[in-house]
Amino acid sequence: MTDFDPIELKRIRWRSRRGLLELDLVLERFLANGFEQLTTAELFAYRKCLDLDDTDFLDYVNGKAEVDDPELAHIIGILRAV
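Residues numbered from 1 in each chain as written. Predicted model: local features only at pLDDT ≥ 70, side-chain atom pairs only at ≥ 80, totals over all residues. Heavy atoms only, no water.

**Student:** So what about the packing of aromatic side chains? Which residues, and what values?
**Tutor:** Here a ring pair, both rings aromatic, is described through the centre-centre distance and the interplanar angle of the planes. Taken as a whole and judged by the stated rule, the model has 3 aromatic pairs. For the ring pair Phe30 and Phe35, a centre distance of 6.1 Å and an interplane angle of 85° mean the geometry is edge-to-face. Looking at Phe30, the relative accessible area reads 0%, which means it is buried. Aromatic rings pair up to connect Phe30, Phe35 and Tyr46 into one cluster. (Phe/Tyr/Trp six-rings, centres within 6.5 Å; stacked < 30°, edge-to-face > 60°. Buried < 20%, exposed > 50% of the residue type's maximum accessible area, 1.4 Å probe, protein only.)

Structural data, given as structure tokens:
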């Protein structure tokens, strides 16, 4: 997968637990089916997504809002595809 420390990967998984059920469902599916295949750059982008407000994050994932940052747009595309 990446050069990330296993403890940091566990932290990222823990931070993926969100306050909105709809977002939680998407991220749980992603963690089960796509997380392990991320490149280092994609993992950094995913961590950046985790800093977003839950409602903004969900709007991006659902396509209700446009993502301006190309880095985030790529990882959001991965989340939508899983």
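**Student:** Provide a residue-level description of the nonpolar core, including the pertinent values.
**Tutor:** Phe35, Tyr46, Phe57, Ile75, Ile76 and Leu79 are the most contacted members of the largest nonpolar core, which totals 24 residues. For this core, the elements supplying multiple residues, two or more each, are α1 (6–15), α2 (21–33), α3 (40–50), α4 (54–62) and α5 (70–81). Those residues in contact with Leu79 that sit more than four places away from it in its chain are Val26, Leu27, Phe30, Tyr46, Phe57 and Val61. (Core = buried A, V, L, I, M, F, W, Y, C linked by side-chain atoms within 4.5 Å. Helix = DSSP H or I, 4+ residues; strand = E, 2+ residues; numbered from the N terminus. Contact = heavy atoms within 4.5 Å.)

**Student:** Please give an account of the packing of α3 against α5 that cites residues and values.
**Tutor:** The interhelical angle for the contact between α3 and α5, taken along N-to-C directions, is 90°, at an axis separation of 9 Å. One finds that α3 runs roughly perpendicular with respect to α5. Residues Glu42, Ala45, Tyr46, Lys48 and Cys49 of α3 lie in contact with α5, whose contacting residues are Glu71, Leu72, His74, Ile75, Ile76, Ile78 and Leu79. Residues belonging to the contact of α3 with α5 are distributed by class as follows: 8 nonpolar, 1 polar and 3 charged. (Axes fitted to C-alpha atoms, helices over the stretch in contact; angles between N-to-C directions. Parallel < 35°, antiparallel > 145°, perpendicular 65-115°, else oblique. Nonpolar A, V, L, I, M, F, W, Y, C, P; charged D, E, K, R; others polar.)

**Student:** Would you mind going over α1 in detail, with residue names and values included?
**Tutor:** Glu8, Leu9 and Ile12 are the residues of α1 that are buried. Down the axis, α1 shows its buried residues gathered within 105° of arc, on one side only. In α1, the exposed residues that point more than 90 degrees away from the buried face are Pro6, Ile7, Lys10 and Trp14. (Arc of directions from axis to C-beta.)

**Student:** Tell me about α4, and please be specific about residues and values.
**Tutor:** Along α4, the residues classified as buried are Asp54, Phe57, Leu58, Tyr60 and Val61. Down the axis of α4, the buried side of the element spans an arc of 160°, and every buried residue falls inside it. Those residues of α4 that are buried are in contact with α2, α3 and α5. Count one or two residues on from α4 and you reach Gly63, which has phi positive near 80°.

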